[in-house]
Structure formats: structure tokens, C-alpha cells
Amino acid sequence: MTTADDLPADLRADDGSDDEGDDGVGEPALLTNGVLAQVFHDIGDLLEVKGELVFKTVAYHRAADAIGRSPVEVARAYRDGHPPDIPGVGRAISDKLAELATTGRLGYHERLLAEFPPTLLDILRVPGLGPRTVRQIYTTLGIATLDELRDAAASGRLRGLRGLSARTEQLILEGIAGIETRERRLLLHQARDIVAEVVAQVGALEGVRRVVPAGSWRRRRETIGDLDFLAEADVPADVVDRFAALPSVAAVINRGPAKAAVELGGRGPQIDLMLMPSGAAGTYLMHFTGSKEHNVRLRARARDRGWSLSEKGFLPIGEDGQPLAGDAAELRTFESEAQAYEFLGLPYIEPELREDRGEIEAALAGRLPRLVQLDDLRGDLHSHSDWSDGSHPIEAMAEAARRRGHAYQVLTDHSISLAIARGLSPERVEEQRAVIAGLNRRFAAEEDAGTAPPETSPEGFRLLHGCELEIRADGRLDYEDELLATFDLVVASLHVGRRQTRAELTARTLTAIRNPHVDVIAHPSGRMIGTRDDLDLDWDAVYAEAARTGTVLEMNGSPHRLDLAVERARHAIEVGCLVSIDSDAHRTAEFDHLEWGVSQARRAWVEPPVVLNTRSRADLLAYVRRQDP
Ligand SMILES: [Zn+2]
Ligand SMILES: [Zn+2]
């Protein structure tokens with residue numbers, strides 16, 4: 001919870017005096033949540049260009065999104081003198097909201113806009129161009145629009161500026177092209193928050209019996225475009241009206257008697273709501289969960305059995321090959337998806353598998369995988385504390401892991417050469433070992449005395465000592481073997497020298513895989529979704545060597561990474577590799593990233609036995625010590 005006292009001084013109170021509206025006749029029109037949100041997003045962007053602290057600009061963006069998606073009409077609530085409780089909105093932003101709601105204007109916003117041309121906001125959206133650079137380009141070259149930026153990059157005029165090279169110009173040109181073609185997509189944790197809000201708001205509408213999210217979110221794709229929801233209601237048209245009138249809806253894109261597509265306020269995605277009659281959810285869920293490819297297979301199978309399949313249900317096919325109509329047409333509907341699959345002669349297929357990547361064949365052969373799930377995990381092999389680049393102390397991280405019911409958490413702060421992440425010197429490693437030993441003595445004593453938290457695993461909980469070992473650009477590992485041998489578990493990864501040749505990058509990765517003290521390769525491809533490509537590796541060599549040595553390949557659960565990707569993980573397992581599903585948490589709340597690691601693993605057909613951290617603590621330690629002398 002952010003309190004006013006945590007905020008920088010000028011977020012705590014409105015800076016500068018308010019401009020009173022001087023035309024002062026009548027009440028200004030009521031601003032929608034969407035318009036309010038846009039004002040605060042603008043402020044966040046403009047403060048970035050000014051070079052304000054990231055913390056402060058993020059606070060504005062977070063508040064803007066919460067305002068945009070709020071279930072109440074925010075401006076009206078302020079005018080009525082009952083400001084709603086909105087997450088992320090503290091005193092300072094609340095004061096600004098009050099000014100906007102009552103006068104229709106915000107002096108602070110107008111003063112910021114006067115400082116910069118508004119088109120600078122477009123330039124800020126170019127990936128890799130930080131606000132500081134945008135300001136530099138603007139003040140030294142007078143560049144204020146995307147077109148001017150493209151021209152300057154193409155004619156080589158940027159490379160003279162501090163920190164800018166020919167390579168940067170190339171990246172800027174690619175970035176501009178990307179902006180122009182790419183639609184805005186959500187990462188999983190962003191989608192989760194919006195899904196929860198929409199389910200709550202639609203579920204509260206009069207006449208709605210239940211709401212179910214469907215679409216690519218239900219299949220847990222890596223990124224999500226539109227969000228699809230199904231709602232069960234007796235009078236669909238009434239519910240469509242009430243949905244379209246929600247304060248969180250910024251625009252209605254289209255609507256019919258039983259459906260509507262809208263845009264949410266803030267920088268929200270498109271939301272598609274489909275109403276369905278009670279008791280017929282089975283085929284609706286199938287249809288709106290997808291994928292398209294999976295549904296094509298299901299419809300073909302229905303046709304082979306004499307039925308036409310649509311979202312509404314199954315209709316018998318007549319002798320002319322068309323679905324029967326009129327009295328002869330008895331629509332078969334099903335309450336649940338499992339019943340609808342059964343009608344097709346298939347077992348239930350988990351949403352994460354529905355991509356037509358062999359799941360229909362496996363279902364027919366009785367070979368569907370028993371997919372790993374969150375409560376199969378007994379611990380987590382990759383996390384950070386404030387000793388390196390995490391936000392929370394070791395004890396807070398350990399307590400949070402213990403209260404998740406895990407039997408172990410491996411603390412893997414960065415190794416010495418990763419200076420930007422405050423990597424640990426060998427001396428600090430020894431100090432950390434003592435801190436961990438002290439905590440574990442307390443955990444053991446509490447377990448013996450029966451005073452451990454009730455959530456504690458039946459195995460008890462121990463914090464294990466590991467490190468995230470840097471594979472240096474020169475190909476060497478960051479700690480000597482003697483030091484590596486003292487850790488419970490070592491996670492190795494590569495953050496620097498990413499642009500080397502395939503041969504060099506592969507050799508570096510293989511060096512780590514072959515070291516007997518290295519147990520896990522973390523985020524093996526090094527990608528960041530939407531912003532950084534995979535490392536150029538000889539993947540077959542990586543899989544083969546990992547399988548031969550028993551070195552585990554990580555499925556990193558950070559929603560920005562999800563690394564290994566699905567196809568790579570499936571391939572690795574086919575050739576005999578083990579994987580781990582890790583959070584890479586840098587703060588206690590990020591232990592939730594395990595959920596995304598699990599959904600990614602499920603999409604890759606991963607079963608519990610090939611996941612190292614489904615094992616008990618004793619079995620885990622036995623596995624990682626098998627090679628040690
Ligand atoms: Zn890392
Ligand atoms: Zn890490």
C-alpha cells in the first residue's frame with residue numbers, strides 16, 4: 001500500500017497555484033473515466049521527458065489505469081463530494097482529480113503541456129528511446145515529431161549526440177516501423193488485473209448469473225490482444241445495455257442483441273462480451289476459448305459424426321449436407337465443456353493445449369498429458385534479495401516463501417561481475433551464508449516447537465543458498481570452482497555480450513552447462529517479450545548437452561520473459577532435458593510469477609516428473625549433489 005509519505009514531495013501536494021477557470025458560467029461537462037485517465041497518462045509521459053524519477057512517473061500511469069477502469073463514475077463521485085477509493089490514488093492525485101472533476105481543467109497538466117510540444121509523447125513510444133534521450137534530441141536538434149526523428153535517423157544526424165551511434169539509429173528506425181504495425185498487447189500479469197476487474201463489474205450487473213473469461217487469456221497465450229468474456233443471463237439484451245453503460249467503458253465499438261465489443265478507459269484493451277443462455281455453456285466455452293485451429297478440428301469431427309457444431313450447440317446434418325432447420329432441428333446443448341467434448345467422443349482437453357499441436361490425436365489415443373499445476377511445485381530455484389538487485393531483505397523473501405507452503409526457496413543473488421545488479425563479492429557470499437544459516441536455525445526451532453506458521457510445508461521450510469552466476473563475455477564463469485562448490489544450487493545465466501556470434505554465445509552457454517557445479521541455466525534464450533530477441537544459439541547443441549549432463553533448463557515465470565518459450569521447452573523435453581519452473585522474484589509479490597511459469601509449462605505439455613522443483617527438498621539436494629566429489 002502506498003501512503004502519501006512514501007511519495008516524492010511534489011506528488012504529495014499540488015505544486016504551484018491552481019488556475020481558476022475564469023469563464024465561470026454554469027457547470028463544465030462531466031469528464032468520463034477515459035478522459036480523466038488520459039490526462040494522468042499525459043502527465044506521466046511529460047514528467048518522463050522532464051527527467052523525473054521513474055518511481056514518480058510510474059505512480060501517475062498506475063493511477064491513470066485504475067481511474068480509467070474504475071467501476072464508478074469518478075468525476076461525478078468527486079462532484080458529489082464522495083471521492084471513491086481508487087488504488088494508487090493518493091492525496092496529490094486526488095486533489096488533481098477534484099480540480100478536474102469540478103472545473104473540467106487541470107492547471108498542472110496545462111503547465112506541463114506548455115513546456116513541450118505534445119508530439120514528443122509519440123517519440124517516447126519508440127522502444128529503446130529513454131525519456132532522457134528524447135529530451136536531448138529535442139533540445140539539441142529540435143526534433144519533435146516521429147517523422148522528423150525518422151528523417152534524422154535515416155540521414156545519420158543522431159550519431160553525433162552523446163550515447164547515440166549508427167547502431168542506435170538503426171534501432172530507432174526499426175522501432176518506428178514496429179510502432180506503426182504493432183497492435184498493443186498485454187502481458188499476462190496486466191491481463192490478469194483487467195480480467196479480475198471486468199469479471200467483478202459484469203458479474204455485478206443485474207440479470208447476470210455468472211461470467212467466465214475465455215479467448216487467448218484462458219489458453220494463457222504469452223501476450224493477449226482482446227479480452228473475451230462469456231456471461232450467462234436470462235435476458236441478454238438488457239445485460240448488453242447495462243454493460244455498454246458501465247463507467248469503465250470508454251467507447252462501444254459494436255453491439256448486437258447478445259454481444260458487445262467495447263474499449264475500456266485508460267489504456268485498456270478491447271473487451272468482447274458474449275451473452276449465453278443458461279445451461280448451454282459447454283459449446284459457448286469451446287467456441288470462444290479457441291484456438292481457431294483447434295475449433296476447426298472439432299467442427300470436422302462433429303461433421304463426421306453427423307452434426308454441425310456452432311457456439312449455440314450441435315444441430316443434426318440432413319441428407320443435403322446442411323444443418324436441419326425448423327421443427328426437425330433439435331439443438332443439442334450442454335451445461336459443461338466436458339459434456340460437449342464427450343459428445344464428440346473425446347476426453348476433456350485443457351485450454352492450454354488447444355492449439356492443434358497434436359492434442360486431438362493424443363486425446364483419441366488416450367495419451368493426453370497430466371499437466372503440471374501450481375501446487376505440484378515444492379519450491380522455487382531462482383530469486384533475489386536486496387543484497388543484489390532485489391527490493392526486499394532476505395528474511396522477508398524467506399518468510400513469504402515459507403508461507404506459500406514451499407519446502408525450499410533458493411536465494412540466487414547475482415555474482416560479482418554484474419555490477420549494475422550489485423553482484424556479490426566472495427566475501428559478501430560468505431556473509432550471506434551466515435545470514436541464511438541463522439534464519440534456517442530459527443525455522444528448524446519453530447518447526448520443532450510447533451510454532452511455525454500453519455501454512456508451512458509438512459517437510460518444513462529451508463532457505464537454500466545459491467547464486468545467479470554470470471557467464472562473462474569472455475566465456476569464463478564469474479566465481480572459481482572452489483567457491484561454486486559451497487553453494488546448495490547454482491543458477492547460471494548470460495546478461496552481457498549478447499551480440500556475439502552464434503558460435504561464441506553457444507560456447508559460453510555450453511561452458512556453463514558442462515561445469516559440474518552449475519545446476520540450472522536461467523532464462524536460456526535471454527529474450528524479453530516484445531522488446532528483446534532470443535540469443536542466437538545452436539539450440540540442438542544446448543538441448544543435447546543439457547540432457548547429457550543433467551543440467552536443468554529453466555522456464556522463467558516472469559511475464560516479461562516466459563523463457564524457455566513453449567516450442568523450445570517441448571523440444572528440450574523430447575530430447576530428455578529436465579526443466580525448472582522459477583519465479584525469478586525480485587520482491588515478495590513476484591513469487592506470483594510462478595503462476596505464469598506453470599501456465600507456460602502447461603502450454604508446453606510439461607508433466608510433473610520432468611520438473612526438478614516438483615521434488616521434495618531431500619530429492620532436490622540429492623539430485624544437485626550427484627556430480628559433486
Ligand atoms: Zn537473470
Ligand atoms: Zn534472476
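Small disclaimer: the values here were computed from a predicted structure and weren't measured.

Take the environment of Pro-524 next. Here Pro-524 lies in the loop between strand E14 (520-521) and helix H22 (539-549). Judged by C-beta crowding, with 31 C-beta atoms within 10 Å, Pro-524 ranks as buried. Once the C-alpha coordinates of Pro-524 and Asp-375 are considered, the two residues, 149 residues apart in sequence, prove to be 24 Å apart. For Pro-524, the contacting residues outside a window of four places in its chain are Val-542, Leu-553, Glu-554, Asp-563 and Leu-564.

This part covers the packing of helix H18 (residues 394-403) against helix H19 (residues 426-449). Orientation of H18 relative to H19, taken along the N-to-C sense of each, is 40°, at an axis distance of 11 Å. At the point where H18 passes H19, the crossing takes the right-handed sense. Mapping the contact onto sequence places Ile-394, Glu-395, Ala-398 and Arg-402 in H18 and Val-435, Ile-436, Leu-439 and Phe-443 in H19. When the residues that make up the contact of H18 with H19 are grouped by side-chain class, the tally is six nonpolar, no polar and two charged.

Looking now at the pairing of strand E13 (residues 489-493). Summarising burial for E13: five of the five residues are buried, a large majority. Here strand E12 (residues 462-470) runs beside E13; their pairing, made up of five bridges, is parallel. When the bridges of E13 are listed, Glu-468 appears paired with Val-491. Sheet analysis places E13 next to E14, joined by two bridges and oriented parallel.

Before going further, it helps to examine the domain arrangement of the protein chain. You can read the domains of the protein chain as domain 1 (4-115), domain 2 (120-181), domain 3 (184-278), domain 4 (291-368) and domain 5 (374-625). Look at where the C-alpha atoms of domain 2 and domain 5 centre, and you get two points 37 Å apart.

Our focus in this paragraph is the sheet that holds strand E4 (residues 227-233). Taken in spatial order, the five strands make up an open sheet running E2-E4-E7-E6-E5, and their pairing is mixed. At either end of the open sheet lies a strand with only one pairing partner, and these are strand E2 (208-213) and strand E5 (249-256). Across the sheet, the mean angle separating the axes of adjacent strands is 25° when strand polarity is ignored. In this sheet, E4 lies alongside E2 in antiparallel orientation, the contact comprising five bridges. Across the sheet, Val-211 pairs through a bridge with Ala-231, a residue of E4. Packed on one face of the sheet, helix H14 (residues 281-289) meets E2, E4 and strand E7 (270-276) and runs near 170° to E4.

Rules used throughout
Residues numbered from 1 in each chain as written. Chains lettered and ligands numbered in written order. Predicted model: local features only at pLDDT ≥ 70, side-chain atom pairs only at ≥ 80, totals over all residues. Helix = DSSP H or I, 4+ residues; strand = E, 2+ residues; numbered from the N terminus. Buried ≥ 20, exposed ≤ 12 C-beta atoms within 10 Å, placed from the backbone. Contact = placed C-beta atoms within 7 Å. Axes fitted to C-alpha atoms, helices over the stretch in contact; angles between N-to-C directions. Left-handed = near helix turned anticlockwise from the far one by under 90°. Nonpolar A, V, L, I, M, F, W, Y, C, P; charged D, E, K, R; others polar. Pairing = 2+ DSSP bridges. Domains from an automatic or database assignment.

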